[in-house]
Amino acid sequence: MKGIVFTEFLEMVEQKFGLALADQIIQESHLPSGGVYTSIGTYDHAEIVELLTHLSQNTATDASVLLKEFGRYLFDTFLDKFPGFFTSCADGFEFLESIENHIHVEVLKLYPDADLPRFDAERDGNSLKMIYQSSRKMSDLAWGLMERTMDYYGHTASIQKESMGEDGEKVLFTISVVP
Ligand code: HEM
């Protein structure tokens, strides 16, 4: 997993819960990196799971809730670092549809060792169905990113999440816009 995910995660923890807790979860986690990340480095995905688990324990908050919150936070990072992806899309659905065939394709050119999820998107009237697939099981991160996407483009939307299978690797999102 790319370092930008770790640096942003720890920054969010620091902002929302304070530096002391950010340090504490690093100490409590088993981290081959030692908890030192650079945005362009690549680290074991298990490290983010460790950090998230300890944040969850220390804040008595479900890891899924924290991961979704992180998705909302990460959206603003992407907006700041990659503004072109946002200005080139007219609305939220166009942006979400462009992840698989444009945004993540460009991400892979920037970071050839990035591990990206697969999204299959299909419109259905005022809804967009998106199937998330990844062995990293980070659909709650996608959920937060989708929520902020719809806010950012000024839509009022509801997002439903359904598991397709038991293990969290395949998830169906139905994003419905209130016209
Ligand atoms: C400008 C917009 C975006 C950029 C630049 C971007 C970039 C990235 C990067 C750098 C990673 C980390 C890859 C790695 O660690 O190896 C990533 C992962 C991910 N991205 Fe995006 N992304 C964008 C938008 C989105 C949106 C809107 C969604 C959700 C609908 C999304 C869903 C995900 C998920 C869930 C992952 C975690 C990896 C996984 O689940 O396998 N991304 N993205």
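A. Inspection of the site of the ligand at higher detail. Taken together, 27 residues sit near the ligand, with Lys 2, His 104, Asp 115, Tyr 132 and Ser 134 positioned nearest. A distance of 3.1 Å separates a nitrogen atom of the ligand from a polar atom in the side chain of His 104. Contact between the ligand and Asp 115: an oxygen atom at 2.6 Å from a main-chain N or O atom of the residue. More than half of the atoms of the ligand fall within 2 Å of the grid points belonging to the largest cavity. Those elements that place two or more of their residues in the shell around the ligand are helix H5 (83-87), helix H6 (92-110) and helix H7 (139-152). Sort the elements by how many residues they give to the shell around the ligand and H6 lands first, with 6 residues. In the shell around the ligand, the residues fall into 22 nonpolar, 2 polar and 3 charged.

B. Region of the structure containing the coordination of the iron atom of the ligand. In this structure, the iron atom of the ligand receives exactly one donor atom from the protein: His 104 (NE2), at 2.1 Å. Assignment of secondary structure puts His 104 in helix H6.

C. Just the pattern of salt bridges, in detail. For the structure shown, the criterion picks out 10 salt bridges. Ionic pairing is found between Glu 69 and Lys 16, a salt bridge with its closest N-O pair at 3.6 Å. Taken as a pair, Glu 69 in helix H4 (residues 63-81) and Lys 16 in helix H1 (residues 3-17) lie far apart in primary sequence, 53 residues in all. Glu 106 serves as the salt-bridge partner of Lys 109, at 3.0 Å between the closest nitrogen and oxygen. With Lys 109 and Glu 106 both in helix H6 and 3 residues apart, the pair spans about one turn of that helix. You can call Glu 106 partly exposed: its relative accessible area is 28%. Among the charged side chains, a salt-bridge network with shared partners connects Lys 68, Arg 72, Glu 147 and Asp 151.

Rules of the game
- Residues numbered from 1 in each chain as written.
- Predicted model: local features only at pLDDT ≥ 70, side-chain atom pairs only at ≥ 80, totals over all residues.
- Heavy atoms only, no water.
- Near = heavy atom within 4 Å.
- Polar contact = N/O pair within 3.5 Å; in protein donor to acceptor, adjacent residues only side chain to side chain.
- 1 Å grid on protein atoms, 1.4 Å probe; cavity = no way out; pocket = protein on both sides within 12 Å on 5 of 7 lines; lining within 4 Å.
- Sits in = over half its atoms within 2 Å of the grid points.
- Helix = DSSP H or I, 4+ residues; strand = E, 2+ residues; numbered from the N terminus.
- Nonpolar A, V, L, I, M, F, W, Y, C, P; charged D, E, K, R; others polar.
- Donors = N, O, S within 2.8 Å, 3.2 Å for Na, K, Ca; no water.
- Salt bridge = Lys/Arg side-chain N within 4 Å of Asp/Glu carboxyl O.
- Buried < 20%, exposed > 50% of the residue type's maximum accessible area, 1.4 Å probe, protein only.

None of the figures reported here should be taken as evidence of function without further support.
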